[in-house]
Amino acid sequence: SGKKVADTRLGGYVYDYGDGKFGTRRFASLTNAVASSSLDVNRTNNKQFSGNSKLEATFLKNFTLSNTFGLEYLHQGYDNLGNMFWGGSAAQGGSIYKRQRDWYAFTTTNMLRYKNSFDKHNLDVFVAHEASQLEFKNMSAFKSNLADPWNLELNNAVVSSPSGSYLSELML
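This one's a predicted model, so the numbers in the text were calculated from it and none came from an experiment.

Caption draft 1: Layout of the nonpolar core. The biggest cluster of nonpolar side chains holds 5 residues, and these are Leu-81, Ile-96, Leu-146, Leu-152 and Ala-157. Beyond its immediate chain neighbours, meaning those up to four positions away, Ala-157 contacts Ile-96, Lys-143, Ser-144, Asn-145 and Leu-146.

In structure tokens form, the structure reads like this:
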């Protein structure tokens, strides 16, 4: 009908989700971009560290021993709250989805070098060893039926769905 419908839960007016309560649509039912940006929460938080070091020591006359170490770390946390009042999560009393991802990589190199000159000739010989490791961890969880409509923690929801996590490692 085009008339505004008062929202008795949150105040203001009801957003059109096309769910049949206040009208229907042929496409995109249970969605409303304006309402989702106002009532739902989608948050990503990244923390990152990257560092390198090098130690070098010269001994005897022409020998050098060096060690390099590089480290990278990235943590990504994602939180999603589907509001309990309107839209796709309303029928289940609101929902919370969380995902945690961690990437960790390091490389270390040890090198022994001999360097010398003889008349017009130069000699540079080395032996080295390098090791690398890459680790990826992933965890996700989903719960519904919220006690507090705005709390993003999993303990705020009553109904649990299967959670999952895994670890993937590569070494060289």
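Caption draft 2: Looking closely at the packing of aromatic side chains. As enumerated under the stated definition, the model contains 8 aromatic pairs in all. A centroid spacing of 5.8 Å and a plane angle of 25° characterise the contact between Phe-69 and Phe-106, whose relative ring orientation is stacked. Residue Phe-69 is found in strand E2 (residues 63–82), and its partner Phe-106 is found in strand E3 (residues 95–118); the two are separated by 37 residues along the sequence. Here the aromatic rings of Tyr-104 and Phe-106 are separated by 6.3 Å at their centres, their planes lie at 55°, and the arrangement is tilted. A residue is classified by how much of its surface remains accessible, and Phe-106, at 18% relative accessible area, is buried.

Caption draft 3: How the structure looks around a nonpolar patch on the surface. Together, Phe-59, Leu-60, Leu-65, Leu-112 and Val-127 make up a nonpolar patch on the protein surface, roughly 470 Å² of accessible area in all. Looking at the secondary structure, you find Val-127 in strand E4 (residues 121–146).

Caption draft 4: Layout of the pairing of E3. As paired strands, E2 and E3 are joined by 20 bridges and run antiparallel to one another. Within E3, the residue paired with Phe-69 across the bridge is Thr-108. Looking at chain direction, E3 and E4 are connected through 24 bridges and run antiparallel. Among the inter-strand pairings, Lys-115 is bridged to a residue of E4, identified as Asp-124.

Caption draft 5: Focus on the pattern of salt bridges. Inspection of every chain in the model, using the stated rule, returns 5 salt bridges. For Glu-56, the salt bridge goes to Lys-54, with nearest N and O atoms at 3.5 Å. A relative accessible area of 54% means that Glu-56 is categorised as exposed. Looking at Lys-54, the relative accessible area reads 55%, which means it is exposed. Linked by salt bridges that have partners in common, Asp-79, Lys-98 and Glu-153 make up one network.

Caption draft 6: Expanded view of the side chain of Glu-135. Tracing the backbone through its elements, the reader meets Glu-135 in strand E4. When near neighbours in sequence (up to four residues on either side) are disregarded, Glu-135 contacts Asp-102, Trp-103, Tyr-104, Leu-167, Ser-168 and Glu-169.

Caption draft 7: Layout of unusual backbone geometry. Positioned with a positive phi, Asp-119 is a non-glycine residue whose angle comes to about 50°. Tracing the sequence through the fold places Asp-119 in the loop between E3 and E4. Residue class for Asp-119 comes out exposed when judged on its relative accessible area of 82%. Not every positive phi belongs to a glycine, and Asn-145 is a case in point at roughly 70°. With a relative accessible area of 33%, Asn-145 lands in the partly exposed category.

Conventions used here
Residues numbered from 1 in each chain as written. Predicted model: local features only at pLDDT ≥ 70, side-chain atom pairs only at ≥ 80, totals over all residues. Heavy atoms only, no water. Core = buried A, V, L, I, M, F, W, Y, C linked by side-chain atoms within 4.5 Å. Buried < 20%, exposed > 50% of the residue type's maximum accessible area, 1.4 Å probe, protein only. Contact = heavy atoms within 4.5 Å. Phe/Tyr/Trp six-rings, centres within 6.5 Å; stacked < 30°, edge-to-face > 60°. Helix = DSSP H or I, 4+ residues; strand = E, 2+ residues; numbered from the N terminus. Patch = residues over 30% accessible without salt bridge, like charges linked within 9 Å, V, L, I, M, F, W, Y side chains within 5 Å. Areas by Shrake-Rupley, 256 points an atom, 1.4 Å probe, with all protein chains shown as cover. Salt bridge = Lys/Arg side-chain N within 4 Å of Asp/Glu carboxyl O. Pairing = 2+ DSSP bridges.

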